[in-house]
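# Inside the fold
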Amino acid sequence: MQADWLIKNIHLATFDPTVAAPYGAIRDALVAVAAERILWAGPAAQAPSLDGAVVINGKGGWLTPGLIDCHTHLVYGGDRAEEFEWRLQGRSYADIAAQGGGILSTVAATRAASATQLLDSAARRLRALCAEGVTTVEIKSGYGLALDTERRMLVVARALGQQLPITVRTTFLGAHALPPQYQGDADGYIDTLVETVLPALAAEGLVDAVDVFCEGIGFSVAQCRRLFERARELGLPVKGHVEQLSYQGGARLVAEFGGLSVDHVEYLPETDLESLAQSGAVAVLLPGAFYYLQEQQKPPIAALRRWGIPMAVATDLNPGSSPMASLLLALNQACILFGLTPEEALLGATRHAAAALGLADRKGCISAGFDADMLLWDCGRPAEICYGINMQRPRHIWVGGRDV
Ligand code: NIG
Ligand code: FE
């Protein structure tokens, strides 16, 4: 076999479902890379003969897939530090939003920012994720809420993927909040998204998936359904911010449309899990928002396990409910706040996160044919990646086989 390079003297946390051990672990392993992909991965003793490959000594570290942050809103203008002060004085997130603050204050700041300003501030946040070993990130629009400003956000998101060593998936979240000019006419705003905004942005190749905020302070199931119908006509997968602050039935809707993921899900009831399990959607847990908003209601982890629903973990990086540019902290929070095992948390930032982005056949596993996005960690066991707070960074990061 002809490889570009290989790494030996390592242990693998493959997260490959065909490897039965926890973490898909293979000790004393070897991985060979050719042309941006994993050519071979397995026990060193069983490796084929590999010609012409540069050999890297992993010095006994653990190799994992690159981390995937499958839910972020990291392109935005301004900040919400003032609201942070208000909330510490007792005002709730929903109350601030109802009075025109919250998401709408970030909409005003984002509309006022130039593409360059948005790019610079987002790149700072994204670099923090990259340094932790994030090699794929999802970025949502949703702070423009009009064609030109939603476009600006998505163009910036795509540009970030050109500037930094990371794969970017874009999500259209036009149904994030009701823009001021549509107050009292949510159906009219949905009409505009359905008839004009989404088709235009999709035609420009800026949209990989369509998201909604299905909530009392967001959009109703009936309104989200209309957007999902248009997404289906355009061939775009759907997902949703659902059952975050209250139960609305949004997860059921996402399941009905064969969506990629249901995100937040604190108020998801057991009765809706069967349809979710059948749909194959991933439940994306966002412990940063739960922590930051000091929520009490936890997602139904035991029931999700019982129904075999794959769980992902993401930062939800945004200026309001989760100003947190650390996926490693989210993994720790998922263990401490939600009771995930370190293996579940890491699956949630690798294989299951890839599935939540429709990338299950390319990313999130160390296995032949997958993209060579990989991290080398100096740790004794994979659980160490979730265990400390700001105590661990990968020693090496490869994206598409390139050392970055
Ligand atoms: O995932 N719930 C809606 N969207 C974001 C919050 C966005 C914001 O507050 O700016 C979330 O929590
Ligand atoms: Fe979010």
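Residues numbered from 1 in each chain as written. Chains lettered and ligands numbered in written order. Predicted model: local features only at pLDDT ≥ 70, side-chain atom pairs only at ≥ 80, totals over all residues. Heavy atoms only, no water.

As annotated in an unreviewed UniProt entry, the chain carries the name Imidazolonepropionase and comes from Exilibacterium tricleocarpae. On record in UniProt, under Pathway (unreviewed entry), the comment for the chain is "Amino-acid degradation; L-histidine degradation into L-glutamate; N-formimidoyl-L-glutamate from L-histidine: step 3/3." (UniProt positions renumbered as here; feature names shortened; annotations may be inferred.)

### Digging into the environment of L193
Here L193 is to be found in helix α6 (residues 186-203). What makes L193 buried here is its relative accessible area of 1%. Considered as a pair, L193 and L147 are 46 residues apart in the sequence and their alpha carbons are 8.5 Å apart. (Helix = DSSP H or I, 4+ residues; strand = E, 2+ residues; numbered from the N terminus. Buried < 20%, exposed > 50% of the residue type's maximum accessible area, 1.4 Å probe, protein only.)

### Quick notes on the UniProt feature "binding site: N-formimidoyl-L-glutamate" (unreviewed entry) in the chain
UniProt annotation of "binding site: N-formimidoyl-L-glutamate" (unreviewed entry) refers to Y143, N318 and G320 when read in the numbering used here. Spatially, the listed residues are clustered: although they cover 178 residues, their C-alpha atoms lie within 11.6 Å of one another. By the element assignment, Y143 lies in the loop between β6 (134-140) and α5 (147-163). The buried category is assigned to Y143, whose relative accessible area is 2%.

### Observations regarding the sheet that holds strand β7 (residues 167-175)
Reading across the sheet, the eight strands line up as β5-β6-β7-β8-β9-β10-β11-β12 and stay open at both edges, with parallel pairing between neighbours. Strands with a single pairing partner mark the edges of an open sheet, and in this sheet they are β5 (67-69) and β12 (311-313). Each strand axis lies, on average, 25° off the axis of its neighbour in the sheet, ignoring direction. With five bridges connecting them, β6 and β7 associate as parallel partners. Bridge assignment links I139 to a residue of β7, and that residue is T170. Each of β6 and β7 is contacted by α5, which is oriented at about 170° to β7, the strand it contacts most. (Pairing = 2+ DSSP bridges. Axes fitted to C-alpha atoms, helices over the stretch in contact; angles between N-to-C directions. Contact = heavy atoms within 4.5 Å.)

### Some remarks on the coordination of the iron ion (ligand 2)
Here the iron ion (ligand 2) is held by the protein donor atoms H71 (NE2), H73 (NE2), H241 (NE2) and D316 (OD), which lie 2.1 to 2.2 Å from it. Considered as a linear motif, the donors of the iron ion (ligand 2) on their single chain read H-x1-H-x167-H-x74-D. Each of the two residues, H71 as well as H73, counts as buried. (Donors = N, O, S within 2.8 Å, 3.2 Å for Na, K, Ca; no water.)

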